[in-house]
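Listed below, chain by chain, are the residues.
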Amino acid sequence: MGTLSTPLISLPIQANPEAPTVKSDNRNRLVFSLIEQCTSLRHLKQVHAHMLRTGLFFDSYSASKLFTASTLSPFSSLEYARKVFDEIPEPNLYTWNTLIRAYSWSTEPSESVRNFLRMLCESPYFPNKFTFPFLIKAATKLSRLGVGQVFHGLVVKSSFGDDVFILNSLIHFYASCGDLDLAYRVFVRISEKDVVSWNSMISGFVQGGCFDKALELFRELEAENVKPNAVTMVGVLSACTKKKDLEFGRWIRLYIEQNGIKMDLTLSNAMLDMSYLIMTWLPMWVTLVCKIYV
DNA sequence: GTAGGGTTAG
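Model, not experiment: these values are computed from the prediction. (Residues numbered from 1 in each chain as written. Chains lettered and ligands numbered in written order. Predicted model: local features only at pLDDT ≥ 70, side-chain atom pairs only at ≥ 80, totals over all residues. Heavy atoms only, no water.)

**Section: helix 11 (residues 195–207)**
Move 1: The terminal C-alpha atoms of helix 11, which comprises 13 residues, lie 18 Å apart, in line with the 18 Å expected from a rise of 1.5 Å per residue.
Move 2: Of the residues making up helix 11, those classed as buried are Ser197, Trp198, Asn199, Ser200, Met201, Ile202, Gly204, Phe205 and Val206.
Move 3: Of the surrounding elements, those touching the buried residues of helix 11 are helix 9 (164–176), helix 10 (180–188), helix 12 (211–223) and helix 13 (230–243).
Move 4: The distance from a side-chain oxygen at the start of helix 11 to the backbone nitrogen of valine 196 is 3.1 Å, and the residue carrying that oxygen is aspartate 194.
Move 5: Looking at the residues trailing helix 11, positive phi occurs at glycine 209, about 80 degrees. (Helix = DSSP H or I, 4+ residues; strand = E, 2+ residues; numbered from the N terminus. Expected span 1.5 Å × (residues − 1). Buried < 20%, exposed > 50% of the residue type's maximum accessible area, 1.4 Å probe, protein only. Contact = heavy atoms within 4.5 Å. Polar contact = N/O pair within 3.5 Å; in protein donor to acceptor, adjacent residues only side chain to side chain.)

Structure below.
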């Protein structure tokens, strides 16, 4: 298998990219593998140049591979990714979604919405189940209730109203906009809730200052035999801390130990916050952090 | 043919 230590210039140029063969499939796989191995923008640009020379870039699936790397790689920039996207003659739906996702994570979430509208106008594609979580994420970052509600309407009209990923995004969106009533209405209508549904609603209640409702929901989760995880416990601990409910906080500490909830840094920090209220927790927190990181 | 959601405080 080739590596980036092999100069890309040594790769033979495919004479006719329009005629796929077993040999060309192997060549494509080599290029995809090189994309995955890129460790700098310079490497990625080398692969990009090679794909332009061989014509591989003009295959929409191959172009999507390069574009995804240009948006996800820690060394890349959205500016370069955007240039890559603009060169793709006919971006497929996956590539459009990747562009919308990239902007939803960025400091320009409005570009996510703008490019979604471009996709509707300029491409033959309609949004799919992957498009909406990115759009709702952008609306959440924009804190625009009206924008998110438009997406919610589209979700229902597009028959994705049962998709738990999309509905969980909507719970988080409505709670972030401060509309806990709408968030809860989405939550109760999910027919097959998963742990993220519960976590989204519990943390939504905590962020909205409804600590009792958060703890009540945790008891409901228990009654429904849903297995909580570290994120659930961060929400519940946060509610106890803010409510200064030491008794429930102690119970939660035991619950985490007895149920083998996997500790991570965020949960350790949430326990530390609680430990300011219960100083006896401090030695335990230090021990836990040492176990994880030392 | 590739993919999507939730977490602490400061």
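Following the structure, the description resumes.
**What to know about helix 9**
Move 1: Given a rise of 1.5 Å per residue, 13 residues ought to cover 18 Å, and the 18 Å separating the end C-alpha atoms of helix 9 matches this to within 8%.
Move 2: Among the 13 residues that make up helix 9, 10 are buried, leaving the element largely enclosed by the rest of the structure.
Move 3: Taken together, the buried residues of helix 9 touch helix 7 (131–142), helix 8 (145–157), helix 10 and helix 11.
Move 4: Backbone nitrogen of phenylalanine 165 and a side-chain oxygen of the N-cap are separated by 2.9 Å at the start of helix 9; the cap is aspartate 163.
Move 5: Residue glycine 178 follows helix 9 closely and has a positive phi angle near 85 degrees.

**Let's talk about the pattern of salt bridges**
Move 1: Under the counting rule described, the total for this entry stands at 9 salt bridges.
Move 2: With a shortest N-O distance of 4.0 Å, aspartate 181 and arginine 185 are connected by a salt bridge. Pair noted here: aspartate 181 and arginine 185 are both in helix 10, with a separation of 4 residues, about one helical turn.
Move 3: For arginine 185, a relative accessible area of 40% corresponds to the partly exposed category.
Move 4: In this structure, a network of salt bridges that share partners links the residues Arg82, Asp86, Glu111 and Arg114. (Salt bridge = Lys/Arg side-chain N within 4 Å of Asp/Glu carboxyl O.)

**Looking at the packing of aromatic side chains**
Aromatic ring pairs are reported here in terms of the distance separating the ring centres and the angle at which the planes meet.
Move 1: What the rule picks out here adds up to 14 aromatic pairs.
Move 2: Judged by centre distance (5.9 Å) and plane angle (85 degrees), the rings of phenylalanine 116 and phenylalanine 151 are edge-to-face. Of the two residues, phenylalanine 116 is situated in helix 6 (residues 109–122) and phenylalanine 151 in helix 8; the sequence distance between them amounts to 35 residues.
Move 3: Phenylalanine 116 sits in the buried class, given a relative accessible area of 2%.
Move 4: On the accessibility criterion, phenylalanine 151 (3% relative accessible area) is buried.
Move 5: Between the aromatic rings of phenylalanine 218 and tryptophan 251, the centroid separation amounts to 6.4 Å while the plane-to-plane angle is 70 degrees, which identifies the pairing as edge-to-face. Separated by 33 residues along the polypeptide, phenylalanine 218 in helix 12 and tryptophan 251 in helix 14 (residues 246–258) bring together distant segments of the chain.
Move 6: With relative accessibility at 1%, the residue phenylalanine 218 sits in the buried group.
Move 7: The positively charged end of lysine 65 is found above the aromatic ring belonging to phenylalanine 32, 5.7 Å away from the centroid.
Move 8: If you follow lysine 193 out to its NZ or CZ, it ends over the ring of phenylalanine 187, 5.1 Å from the centre. (Phe/Tyr/Trp six-rings, centres within 6.5 Å; stacked < 30°, edge-to-face > 60°. Lys NZ or Arg CZ within 6 Å of the ring centre and 35° of its normal.)

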